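Here's the letter readout for the chains.
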Amino acid sequence: MDRRKFLESMTATCAGASLVSGGMLFPSLAAATETSAGAQHDNRKFDELTKSLLVDWCDGMIRQQIDAPDDPTLHGALACPACTHIHGRCSDALYPFLHLANVTGDKKYLDAAVKAYDWAEHNVSQSDGSWTNDVNPKAWRGTTIFGAIALAEALHYHGNVLDDQRRAAWMKRLDEAVGGYLYRDFKTVDFTNLNYGMTGVYGFHLFGELLDNPKYTARSDQFAKRLKEFFTEPNKLLWGEGKPNNGRSGRGLLPVDLGYNVEESLNGVVLYALAVNDTELLELMTKSLAGHLEFMLPDGAWDNSWGTRSAKWSYWGSRTSDGCQPGFSLMAGYNPAFGTAAIRNAELLQRCTAGGLIHGGPHFVSHGVKPCIHHTFAHAKVMALVQDKMHAMPKVDDSTPLPRAIASGVKHFPELDVWLAAKGPWRATVSAYDSIYETKGSGPVQQPTGGSLAVLYHVKVGTLLASSMARYVLVEPLNQQPQPGEDFPLTTRIETRVGDAWYSNIFDLKADVKTQETDSQISVTVNATLQDEARNVLPGDAANFKLGYAFDKDQVTISAATSGETAAVEGTSLIVPIVSPSGETVRQVSDHRIEIVKSDGTVVVQSSAVLTIKNGADHRIFNMVPGLEVVPIIVEFPATGSGEVRCEISVV
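Draft legend 1. Broad picture of the overall build of the protein. When you go through the protein residue by residue, the secondary structure sums to 14 helices and 23 strands. Radius of gyration (C-alpha) of the protein: 25 Å, near the 26 Å computed for a compact globule of 652 residues. Dimensions of the protein along its principal axes, counting C-alpha atoms only, are 80 × 60 × 45 Å. Buried residues in the protein amount to 63% of all 652 residues. Partitioning the contacts of the protein with sequence separation of at least 6, the portion at a separation of at least 24 is 69%. Treating the 58 positive side-chain charges of the protein as one cloud and the 74 negative ones as another, the clouds have centres 2 Å apart.

Draft legend 2. Structural view of unusual backbone geometry. In this model, Glu-233 is joined to Pro-234 through a cis peptide bond whose omega is 5°. Position of Pro-234 among the secondary structure elements: in the loop between helix H8 (214-224) and helix H9 (258-276). At the junction of Val-625 and Pro-626, the peptide bond is cis and its omega measures out at 0° in the coordinates. Position of Pro-626 among the secondary structure elements: in the loop between strand S21 (621-623) and strand S22 (628-636). In this structure, Tyr-315 is a non-glycine residue whose phi angle is positive, near 65°. Relative to the assigned elements, Tyr-315 resides in the loop between helix H10 (279-293) and helix H11 (325-330). For Tyr-315, a relative accessible area of 4% corresponds to the buried category. Of note, the phi angle at Asp-417 is positive, near 55°, even though the residue is not glycine. On the secondary structure map, Asp-417 appears in the loop between strand S3 (409-413) and strand S4 (418-423).

Draft legend 3. A look at the pattern of salt bridges. Applying the stated criterion across every chain yields a total of 36 salt bridges. The partner of Glu-476 in a salt bridge is Arg-309, with the nearest N and O atoms 3.0 Å apart. Within this pair, whereas Glu-476 is found in the loop between strand S9 (462-466) and strand S10 (493-498), its partner Arg-309 is found in the loop between H10 and H11, the two being separated by 167 residues in sequence. Where Asp-512 meets Lys-514, a salt bridge forms, and the shortest distance between an N and an O atom there is 2.7 Å. What makes Lys-514 exposed here is its relative accessible area of 52%. Put simply, Lys-45, Arg-344, Glu-347 and Asp-398 are held in one network by salt bridges that share partners.

Draft legend 4. Quick look at the side chain of Glu-347. With respect to the helices and strands, Glu-347 occurs in helix H12 (residues 336-351). Here Glu-347 falls in the buried class, since its relative accessible area comes to 18%. A distance of 3.3 Å separates a polar atom in the side chain of Glu-347 from a polar atom in the side chain of Lys-45.

Draft legend 5. Local environment of the packing of helix H6 (residues 164-185) against helix H7 (residues 194-211). Running from N to C, H6 and H7 point in directions that differ by 140°, and their axes come no closer than 11 Å. The pairing of H6 with H7 is recorded here as oblique in orientation. Like other packed secondary-structure pairs, H6 and H7 cross with a definite hand, here left-handed. Counted together, Met-171, Leu-174, Asp-175, Val-178, Leu-182 and Tyr-183 of H6 and Phe-204, Phe-207, Leu-210 and Leu-211 of H7 form the full contact between these two elements. Taken together, the residues of the contact of H6 with H7 break down into nine nonpolar, no polar and one charged.

Draft legend 6. Spotlight on the pairing of strand S23 (residues 644-651). Bridging between strand S15 (residues 555-562) and S23 involves seven bridges; their strand directions are antiparallel. From the neighbouring strand, Gln-555 faces S23, where its bridge partner is Ser-650. By the bridge criterion, five bridges tie strand S19 (residues 601-607) to S23 in an arrangement that is antiparallel. Opposite Val-603, over in S23, you have Val-651 as the bridge partner.

Draft legend 7. Examining helix H3 (residues 94-104) more closely. Most of H3 is tucked away, with ten of its eleven residues classed as buried. For H3, the full list of buried residues reads Leu-94, Tyr-95, Pro-96, Phe-97, Leu-98, His-99, Leu-100, Ala-101, Asn-102 and Val-103.

Thresholds, definitions, all that
- In this numbering scheme, every chain counts its residues from 1 along its sequence in written order.
- Local features in this predicted model are restricted to residues whose pLDDT is 70 or higher, and side-chain atom pairs enter the listing and the counts only when it is 80 or higher, whereas totals over whole chains, interfaces and linings include all residues.
- Each side-chain value is worked out from all heavy atoms of the structure, with water and hydrogens disregarded.
- In this text, helices come from DSSP runs of H or I with a minimum length of four residues, and strands from runs of E with a minimum of two, each type numbered from the N-terminal end.
- With the radius of gyration taken over C-alpha atoms, the globule rule is written as 2.2 Å times the number of residues to the power 0.38.
- Only protein chains enter the accessibility calculation, which uses a 1.4 Å probe; a residue is then buried when its area is under 20% of its type maximum, exposed when over 50%, and partly exposed in between.
- We call two residues in contact when some of their heavy atoms are within 4.5 Å.
- Think of it this way: Lys and Arg go in the positive column, Asp and Glu in the negative one, and His and the chain ends go nowhere.
- Just so you know, the charge point we use is NZ for Lys, CZ for Arg, CG for Asp and CD for Glu.
- Salt-bridge detection follows one rule: a side-chain nitrogen of Lys or Arg within 4 Å of a carboxyl oxygen of Asp or Glu.
- Distance and chemistry together define a polar contact, namely a pair of N or O atoms within 3.5 Å, with one atom able to donate a hydrogen and the other to accept it when in protein, and with adjacent residues in sequence counting only for side-chain atoms on both sides.
- Angles shown run from 0 to 180 degrees and are taken between the N-to-C directions of axes, each axis being a line fitted to C-alpha atoms and, for helices, limited to the stretch in contact.
- If an angle is under 35 degrees, it is roughly parallel; if it is over 145, roughly antiparallel; if it lies from 65 to 115, roughly perpendicular; otherwise it is oblique.
- Crossing handedness: left-handed means the near helix sits turned counterclockwise from the far one by under a right angle, and right-handed means the same turn made clockwise.
- The residue classification treats Ala, Val, Leu, Ile, Met, Phe, Trp, Tyr, Cys and Pro as nonpolar and Asp, Glu, Lys and Arg as charged. All others, Gly included, are polar.
- Two strands are counted as paired when DSSP detects at least two bridges linking them.

Take a look at the structure:
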């Protein structure tokens, strides 16, 4: 179908069906007075990008759909290239499939949607109306909210492509899910991790409108009354991604996860606020989206290095959430940089797509790691949604730069104890955030802290440092891929090993961070102790370290020194894992200089001490968080002398 016919079909499908009240997306705010549900903008780039991704992903999923009509346990499921099990939520794909069935008229998409629905009914559907997350009747059922929303959106926008009998059956099944399990168990907005309740705010409103049941919309309104409780000061970041979701850390900080917020929770709040025309809530969403947007890197990545649920950080977002495009694109009338965010992130998703499936990071292909199909069926839903709302979009383009692309100086986020630094071409994240996610099954999930230099980005060559968990923990074994090869953390750090014990600053939850800025330089000073995973401090006098990060227009200098006259314990090292996919040339020019040749420049690493590369110059270490390969550079403290090392990173 050509683009003109596609857009005509979209408009015909969506006309009169929008959930936006009063025909206006932004009826009262001056920043968006010209944007209405009937407005037409030249959103060609966003339109074509999201449409292209949607078609590519749906075709990729159809290639993975199992055709085994004699085996209902398999027929219609989406086989996962990376996992040995079938993901129970794969039937969420029925929405993007049904969308393409309607706008293209191609029967293969309708067949795929029907088969996905039928598989779910045979294998994960439960008597209380829920669908389990996995093919196990005892599995978690909370994800029913996401499946129900996918089914509701499919019926709302594209139910006309189903025959009367099937459409009635799907509507009845949706009502069983909402009136049964969801209404019974989703009683408060914060009954578990907040992404469920925040998505439920939109979900119950959608269900009430579609099923014409005021009981469901009343539950949505009940949730909405508490929404404003869950935003931090001063940056309006959404909190609630912890166990418990209101638990405060030793520093008194609440649990915040960037990935779940921007890819799931904020979408729900935005969609609800637009649907009911809550202008006060829309103003809050404008501030909150702006606060979260501070963490988008110039290439469209979400810097979730510090997040409580960074176990699922996949550079472009989070492993099993949906994507940032609905919230940011629909709110671009308030702040045009939101439109840039929606486009940049979609472009990143496109770069991480191969064979019709999203890979969990930029270097999956270069390292030979297969993609989990969960990323694709989740993100295809939001691409279908933005396509279904394209006729009602405000202006969405990338003419307004992202905040971090033009940033200068240091910004402290006191609700996180995270600092963002920008000097010349450099962008950096320093984290002392001490809110640790922990479940009974996995134990503590240790994201970078201890004053770690969690991210380093250069506007010419991209990301050079990107942190991972201290250990890659399968918090959700059926929703995460096993770590291929050695579990080597990508966080820049000081470490020493004494016998079987591993001590590092990344375990110090009380590290002290101070910043100073002049016209020529930003400097960050960190006082931290080397601790093991149980927070035991390295015995002796060499546990206390001072870390320094200095940023000027030409280079970044990382320094590390023991306090006072004490020498470092033998074997103590500064670890600097430089991001580099397989195929880039690595040259060890001398004992003190390493060069990594990238397409847009050469990264030079120089040190006051001897530099070595773990396992040699051609070796790459890959970590699932955030899906990157690195050249693992080790700077070993000298056995004698001052107990200090310095490492300089520049790009020529």
